[in-house]
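Coordinate inspection notes
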Amino acid sequence: MLDCGLDMTSTLNFLPLPLVQSPRLSNLPGWSLKDGNAFLDKELKECSGHVFVDSVPEFCLPETELIDLSTVDVILISNYHCMMALPYITEHTGFTGTVYATEPTVQIGRLLMEELVNFIERVPKAQSASLWKNKDIQRLLPSPLKDAVEVSTWRRCYTMQEVNSALSKIQLVGYSQKIELFGAVQVTPLSSGYALGSSNWIIQSHYEKVSYVSGSSLLTTHPQPMDQASLKNSDVLVLTGLTQIPTANPDGMVGEFCSNLALTVRNGGNVLVPCYPSGVIYDLLECLYQYIDSAGLSNIPFYFISPVANSSLEFSQIFAEWLCHNKQTKVYLPEPPFPHAELIQTNKLKHYPSLHGDFSSDFRQPCVVFTGHPSLRFGDVVHFMELWGKSSLNTVIFTEPDFSYLEALAPYQPLAMKCIYCPIDTRLNFIQVSKLLKEVQPLHVVCPEQYTQPPPAQSHRMDLMIDCQPPAMSYRRAEVLALPFKRRYEKIEIMPELADSLVPMEIKPGISLATVSAVLHTKDNKHVLQPPPRPTQPTGGKKRKRASDDIPDCKVLKPLLSGSIPVEQFVQALEKHGFSDVKVEDTAKGHIVLLQEAETLIQIEEDSTHIICDNDEMLRVRLRDLVLKFLQKF
Amino acid sequence: MGRGVTGLAPACLRASQLELFSPGAPGWPFGDFHALPGRRLCGRPLQIRQVARPGAGPEAAEGRGAGLSSLIMDPECSQLLPALCSVLADPRQPVTDDTCLEKLLDWFKTITEAGSSLLLLQENPCLLGLLCHVLKPQDLSPRVLAFSLRLAGMLAAQEDCFQYLQGDSSLFVASAAGQLLVHVLGLSLQGPAEGHPGLQTGDWPVCAQKIVSHIEESLRSAATPQITQALNVLTTTFGHCHNPWTQVLWVRLSPLVARLLEKDPVPAAHSLVDLLLSVARSPVLSSSSCGLWETLAQTLSHLSPTQAGPLALGILKLQECPQALRAQAFAVLLQPLTCVLEATAQAPGLLDSWDGTGGASVTVDTLLASKAACVGLLCRTLAHLELLQPLPQRPSPWPQAPLLGATVTILRLCSGSATPTSDAGGHLCAFLVGCVRVQRAALDFLGTLSRGTGPRELVTQVFAVLLEYLTSPDSSPTVLKKAFQATFRWLQSSPETPGCSDLDPHAQLFLRELLPVLPKRLCSPCWEVRDSGLEFLTQMIGRWGGQAGFRRALLASEVPELTEQLLRDPESYVRASAVAAMGQLSSQGLRVTPASPEHPGGQQKSLLAELLHILSTDSEGFPRRAVMHVFTQWLRDGHADVAADTERFVARVLQVASQDLDWEVRAQGLELALVFLEQTLGRPSSHCPYAVTPPVAAPPGPLAQALRPLCRVQLFEFAFRALFDCDRPVAQKSCDLLLFLRAQTASYSGPQGSGSVPEVASVEAALQRWQAGDQGQPLGYLEPEVVVAVLRSMDLEGLRGALAESSDRVEKSPQSLLQDMLATVGALGEDEADCY
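Definitions and cut-offs
Residues numbered from 1 in each chain as written. Chains lettered and ligands numbered in written order. Predicted model: local features only at pLDDT ≥ 70, side-chain atom pairs only at ≥ 80, totals over all residues. Heavy atoms only, no water. Helix = DSSP H or I, 4+ residues; strand = E, 2+ residues; numbered from the N terminus. Buried < 20%, exposed > 50% of the residue type's maximum accessible area, 1.4 Å probe, protein only. Contact = heavy atoms within 4.5 Å. Areas by Shrake-Rupley, 256 points an atom, 1.4 Å probe, with all protein chains shown as cover. Lys, Arg positive; Asp, Glu negative; His and termini not counted. Charge placed at Lys NZ, Arg CZ, Asp CG, Glu CD. Salt bridge = Lys/Arg side-chain N within 4 Å of Asp/Glu carboxyl O. Polar contact = N/O pair within 3.5 Å; in protein donor to acceptor, adjacent residues only side chain to side chain. Nonpolar A, V, L, I, M, F, W, Y, C, P; charged D, E, K, R; others polar. UniProt positions renumbered as here; feature names shortened; annotations may be inferred. Axes fitted to C-alpha atoms, helices over the stretch in contact; angles between N-to-C directions. Parallel < 35°, antiparallel > 145°, perpendicular 65-115°, else oblique. Pairing = 2+ DSSP bridges. Phe/Tyr/Trp six-rings, centres within 6.5 Å; stacked < 30°, edge-to-face > 60°. Lys NZ or Arg CZ within 6 Å of the ring centre and 35° of its normal. Expected span 1.5 Å × (residues − 1). Arc of directions from axis to C-beta.

If you check an unreviewed UniProt entry, chain A appears there as Integrator complex subunit 9 from Panthera leo.

Some words on the overall build of chain B
Secondary structure assignment for chain B yields 43 helices and two strands. Taken over 836 residues, chain B has a buried fraction of 53%. For chain B, the proportion of contacts with a sequence separation of at least 24, taken over those separated by at least 6, is 74%. Of the roughly 34400 Å² that chain B leaves accessible, carbon and sulfur atoms contribute 55%.

Details of the overall build of chain A
Each helix and strand counted, chain A has 18 helices and 29 strands in total. Taken over the C-alpha atoms alone, chain A extends approximately 115 × 70 × 65 Å along its principal axes. Each of the 634 residues in chain A was classed as buried or not, and the buried ones make up 48%. For chain A, contacts bridging at least 24 residues in sequence account for 70% of all contacts bridging at least 6. For chain A, the accessible surface area stands at approximately 31400 Å², while carbon and sulfur atoms represent 51% of it. In chain A, which carries 55 positive and 70 negative side-chain charges, the distance between the mean positions of the two groups comes to 2 Å.

Considerations on the interface of chain A and chain B
Listed per partner, the contact involves 24 residues of chain A and 25 residues of chain B. Linking chain A with chain B are one salt bridge, by the criterion used here. For E256 of chain A, the salt bridge is made with K520 of chain B, and the minimal N-O distance between the two is 3.1 Å. The interface formed by chain A and chain B holds eight residue pairs in polar contact (both at pLDDT 80 or more) in total. Elements that contribute at least two residues to the side of chain A that touches chain B include exactly α6 (250-266) and α7 (280-294) of chain A. A total of 12 residues in the side of chain A that touches chain B trace back to one element, the largest contributor, which is α6 of chain A. By residue class, the composition of the side of chain A that touches chain B is nine nonpolar, 11 polar and four charged.

Here we look at the side chain of S217 of chain A
Residue and element names in this part refer to chain A. With respect to the helices and strands, the residue S217 is situated in the loop between β9 (209-214) and β10 (236-240). Looking at S217, the relative accessible area reads 1%, which means it is buried. Within the structure, S217 has its side chain in polar contact with the backbone nitrogen of L219 (distance 3.2 Å). Here T426 takes part through its backbone oxygen, which lies 2.7 Å from a polar atom of the side chain of S217. When neighbours within four sequence positions are excluded, S217 is seen to be in contact with S192, G193, Y194, M226, T426, R427 and L428.

Examining unusual backbone geometry
Residue and element names in this part refer to chain A. For the peptide bond that leads from S143 to P144, omega is 0°, which places it in the cis range. With respect to the element layout, P144 can be found in the loop between α4 (135-138) and α5 (160-168). Going from G372 to H373, the amide bond is cis rather than trans, its omega being 5°. Here the phi dihedral of E150 falls at roughly 50°; this positive angle occurs in a residue that is not glycine. Mapped onto the elements, E150 comes out in the loop between α4 and α5.

Re the UniProt feature "domain: Beta-Casp" (unreviewed entry) in chain A
According to UniProt, the "domain: Beta-Casp" (unreviewed entry) feature falls on residues 281-409 of chain A. For residues 281-409 of chain A, the end-to-end C-alpha separation is 21 Å, with 43% helix and 12% strand making up the annotated structure.

Digging into the packing of helix α1 (residues 75-89) of chain B against helix α4 (residues 125-134) of chain B
All names here are of chain B. Contact pair α1 / α4: the axes reach a minimum separation of 9 Å and the direction vectors enclose 5°. Judged by the angle between their axes, α1 and α4 are roughly parallel. Of the residues in α4, those touching α1 at L81, P82, C85, L88 and A89 are C126, L127, L130 and H133. For the contact of α1 with α4, the class distribution of residues is eight nonpolar, one polar and no charged.

Here's the deal with the sheet that holds strand β5 (residues 170-173) of chain A
Residue and element names in this part refer to chain A. Pairing in this open sheet of three strands is parallel, and the strands run β3-β4-β5 from one edge to the other. Pairing within the sheet leaves two strands with one partner each, and these edge strands are β3 (74-76) and β5. Strand after strand, the sheet turns through a mean of 25° between neighbouring axes, direction not considered. With three bridges connecting them, β3 and strand β4 (residues 98-102) associate as parallel partners. Residue pairing in the sheet places L76 in a bridge with Y100 of β4.

As for the sheet that holds strand β23 (residues 526-530) of chain A
Hydrogen bonds between backbone atoms are what pair the strands of a sheet, whose relative direction is either parallel or antiparallel. Residues and elements named next belong to chain A. The mixed open sheet is built from three strands, whose spatial order is β19-β23-β22. Of all strands in the sheet, those bounded by a partner on one side alone are β19 (492-494) and β22 (519-523). If you compare each strand with its neighbour and ignore which way they point, the axes differ by 30° on average. As judged from the three bridges shared by β19 and β23, these two strands associate in the parallel manner. Note on β23: the bridge partner recorded for I494 is L529.

What about the pairing of β10 of chain A?
Regular strands place side chains that alternate from one sheet face to the opposite one. Residues and elements named next belong to chain A. Where burial is concerned, most of β10 is hidden: five out of the five residues are buried. Where burial is concerned, the two faces of β10 agree: the one with V236, V238 and T240 and the one with L237 and L239 are both buried. By the bridge criterion, three bridges tie β10 to strand β17 (residues 444-448) in an arrangement that is parallel. Bridging across to β17, V238 finds its partner in V446.

With respect to the pattern of salt bridges
All names here are of chain B. If you walk through the whole model with that rule in mind, you get 39 salt bridges over all chains. In this structure, the salt-bridge partner of K733 is E671, at a minimum N-O distance of 2.9 Å. Residue K733 is located in helix α39 (residues 728-744), and its partner E671 is located in helix α36 (residues 663-681); the two are separated by 62 residues in the primary sequence. Between R721 and E717 there is a salt bridge, with its nearest N and O atoms 3.1 Å apart. Taken together, the positions of R721 and E717, both in helix α38 (residues 715-723) and four residues apart, correspond to about one turn of that helix. Like R721, the residue E717 is buried in the burial classification.

A few points about the packing of aromatic side chains
This model, assessed by the stated rule, comprises 33 aromatic pairs over all chains. Between the aromatic rings of Y352 of chain A and F359 of chain A, the centroid separation amounts to 5.2 Å while the plane-to-plane angle is 70°, which identifies the pairing as edge-to-face. The residues Y352 of chain A and F359 of chain A share a single accessibility class, namely buried. Considering the side-chain rings of F463 of chain B and F510 of chain B, the 4.6 Å spacing of their centres and the 40° angle between planes classify their relative orientation as tilted. Pair noted here: F463 of chain B is in helix α24 (residues 456-471) and F510 of chain B is in helix α26 (residues 505-514), with a separation of 47 residues, a long-range link. As far as the burial class goes, F463 of chain B and F510 of chain B line up, both buried. Geometry around W770 of chain B places R721 of chain B over its ring, the cationic atom sitting 4.3 Å from the centre.

Re helix α16 (residues 305-317) of chain B
When the terminal C-alpha atoms of α16 of chain B are compared, their 18 Å separation across 13 residues agrees well with the 18 Å that a helix rising 1.5 Å per residue should span. Those residues of α16 of chain B lying buried are P305, A308, G309, L311, A312, L313, G314, I315 and L316 of chain B.

A look at α26 of chain B
Residues and elements named next belong to chain B. Every buried residue belonging to α26 is among A507, Q508, F510, L511 and L514, and all of these are buried. In an axial view of α26, the angular spread of the buried residues amounts to 160°, which keeps them on one side of the axis. Every exposed residue of α26 that faces more than 90 degrees away from the buried side is listed here: P505 and R512.

Remarks on the environment of W31 of chain A
Residue and element names in this part refer to chain A. Tracing the backbone through its elements, the reader meets W31 in the loop between α1 (23-26) and β1 (44-47). When the C-alpha atoms of W31 and D41 are compared, they prove to be 4.8 Å apart, with 10 residues separating the residues in sequence. Once residues lying within four places of it in the same chain are set aside, the contact partners of W31 are L40, D41, L44, K45, E46, V51, L140, L141 and P142.

Printed below as a string of structure tokens:
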């Protein structure tokens, strides 16, 4: 199984979970059907024309109908964002396999899961809505609830215990490490340049190579650069995890982010940045580190609030080997690779596990707050949205591309604060993909259907799709796709003593052949040729019988033939042997030699010769011997 | 980044002024002899090398080789020359610095222009030896070869010398170098063919015939380099010689040239275009009926769209040319834009009427062949049209509207906002999205198009696309700069409201949308963006600062406050631009009280004080120079803060400026001093402030009175210090200022003679000490009489003359050059070498 992501957009259908009681949210009117029927008013609430489920947010799990997940042997994880569904798989499906991921992926993935669990568990909600999921009722609901797919499979968040158990099933791997999977294939993670420890995977046998490229970046940010060279010579390249906002250039967005932040703070407003506790936030802090002085913002406090804020900031500094070259060299100076260390030291950046406690006493405005969750449905961000939403001086800047910012804002309407959308997605865009494919030159590209056509809203943008030759094979949800290659060859090992016994015969200069009699031993997809057991003396009884069952009969071997038959000389030979009426016809595959009187055909082709004569075994044997004279035997 | 608005050139290397005044030389202002520190006054002539050091210096900007003034070869140089020639002829001693060779050529040029080349060759046989030597096949560097060929060409330019050279036939046999061939051809035909224009090539001198045959042979060759060489020779020939024989030559060779067009692809297309244009520009050839226009038309249709562009532009620039050919050429230039319009389903309109070539499909093929081809063709086309637009001979009617439409469309294709309606359009869009090169070219051209008008809806589209670029986070800093420039030009060209010189309502509407964008740009993390935003702002205030509509919009925005904030930007260019913008804002009364979170309710610091602070403390030169420009302008305009106490202001500024390490700041200080001087004494009658006007009878009393403020602000101390400034432009400027002042005071009947007042003597003594490098002691307050007496006793004219001479004339002497070249290859003894 390649990756194990969790679709969190389902949470956008739910009301936010406020950290402290929100009169506004708790007083939202219940929703009733057009005919006035209000049986759903406890489950569904209405806010500015949108309907939300008033319940603990639920997540949409990976597809489970198509495949029995208990039969999955291995899960390969690309990056920490792509493992958020892991506890659902490992703990509830009978999965007994192994998960492979790099160390930063696991550590930061754990932080993301921990934060998620914490956000949801710390505001227990008594109510659990399920009535609306009834298919007959769902049909009556307004969009987008009406159109939500597979709502019956939506699940509440996992627990920390499940997270720990899931993570214990992960085996850590390093870049370029070769991992044998049951002898069948070898898998290798490669740096993908997108996040700390993010990987692309190579899955290869001795003769075939499949690359799985997911969540990669060619930009120079904090992680190790993408390893492109190792992707070369792939039979198939599975390509996914491209940027979600192909029209937004990350550099331009960072510029927008900084300018809007400065303008807001300058006017005495606060800036709220809903974000994940790891990833782009490191780059944003680094940008701000360089920017705040030039923008005269040195005295503005920056707060980073997350249950895992401290661990995230510290982890980033210790994964030196997973960082880009510049940051790695800093470690040897020794200096912290990320400048946020200095921001913390100079008290410009302060971090807190939650807005309770120290934060409330330190809190100073105007300020900039980085906090989760980017869906705006849970986490400390809900509180700041409630607190700052009423003033047009404040600004919320969306930088995470995973959620539609308009949908995220829907339960907070009407909103006075300014909203800026600066999605920063450093993953590959289509221009970079096209360069990558030119460089790597896979025989086939396989990708989601969406990548093979321009986005529906910009159908003229031919540049916003994968353009490669041969055209990419696309797949859609729940579609089964046969990858365009066949396993034709297997590597077979030959035991030394058997190799010793071979007597090669040169059939052409440089090419020798030898006959081999051996036992092919196959175990764990490894094939070994072993010397055949010596024929045991017949001792009679059951034992002998069993032995002969096991070992194929060692009949006297017929010699093997090689070479080709020169037709002219063959005809001469026939004539010499008394066949006078020989006629030769050329065919597409070779020749037919006709012995008219004997009513006999000799069909000579590249890899076969047939003698077709009418019940004259003597003649056939004569002719066969003539043919054999022209071939080599060994 | 260039400094557009403030006109401040970035600092390059600066060289200290090496040569001050030779004792007793005309430039020496006083009679006495003083040994100058740092100079060697022993036997060998001064060999003070320029030592480049960082900082701003005028010397670096000067052309090289201007100071090789010796007109004859002196014996010292003659002695050095053989050694140098053998160094040049030796491939084992490579000459790495070809500027030396350039200088050497310059020197030879001066010598040959002043005297006889023949004599030069006869007296220095080593030169001929070198010329002969380089012709032998060997591993000589192309630099030396080129040098030798150019030298030979230069020498051959004189008839007697040409004859002398002709004696060595191997030169002509071996040399195929274009320049020389042209010279030789020209010279050989000067005598015989000139008198008889009808003379056929068969009657030409043997040597000319040989050259023509060689060219013919080359033109027939299959090797492109040979063809290129032949074409280049012809281009130079027709470019330089306009004698009747060139017509004979062209008639003979044009069939061969035309035959090149039959090849596919056309070989050496670039050189062919150059040749044809050179022929077309030749008055002898273009007026004759030698099939030139037909060849040009044929070439236009044979060349690829990319190659045909420069030819089309060249044709359209011709003063006289058949109308049909002009139409064809213009069609070639317009073709790519027509394709763009068609690809986006817009009627090309007037562009159609120019399209008579039928080359559309080739152009479309080029545009769609590859991204590189598409981008290249569009950029070139836009650049050509931009060059063509302002010319009086540009085609008429000028298709302004379709060109505007096409340019706007290209910009939209680049930003991804255009909607192509065909496959071709889709491809164009895919090629152009995000292409910075095309964006820059299109914005430049769009700016140029602002000189014409356009239909209202198109102008609206222009502003819309400009706003799109100014707003887009994806606009690169350079694109943004161009967008700002184009915006300013379009705003400038928008019609003014009748009755007042304010922006027209449409432009005002645009401005209302633009002003919210500007603060964001001023807050950009990219300093180039902040800088171009400020430059744009300064231009805008300069143009509309007095207009009510603009003032209202500006004051309602955060722009003035942000601009003030940028005075403390970490980037010095931005600080400089902010200084210029603040100067303008303040001049127009548009500065607002800052209410930043850091200074809530804080007292507004006077901008004058803030700028003075920058002038005295900023570590970079640009902001300080910008402050001096603003102060000068303020003084000139009578800015309120300045007018409050002008003397105090000038005194303070001069005091700070005199201590500045940047010569441009000090020079600008003199500019400010001059403005003050003019305001105090009255404007000079001449337009040129430095022109020495005939003495006007000025009554002594009032003049002394008038000089007193100058004395109080210590202007003279500043000017005298500047007179001995180590940077020449400062010294020159000061000298001019003092000359002007002296002329103003000529009629002043104060104490005459420098020795008559003891104070004068003491000032002179102090000045001599300053000149000697000891500038520690200030002059203190000077009475007007003393100043006048000192001014009269100084040889300011002589000083000006000395300063006008290149400061590094010793260093640039031919002898020094020869020694340098020999020293770098170690041909001189180490102890003698005076190396860098």
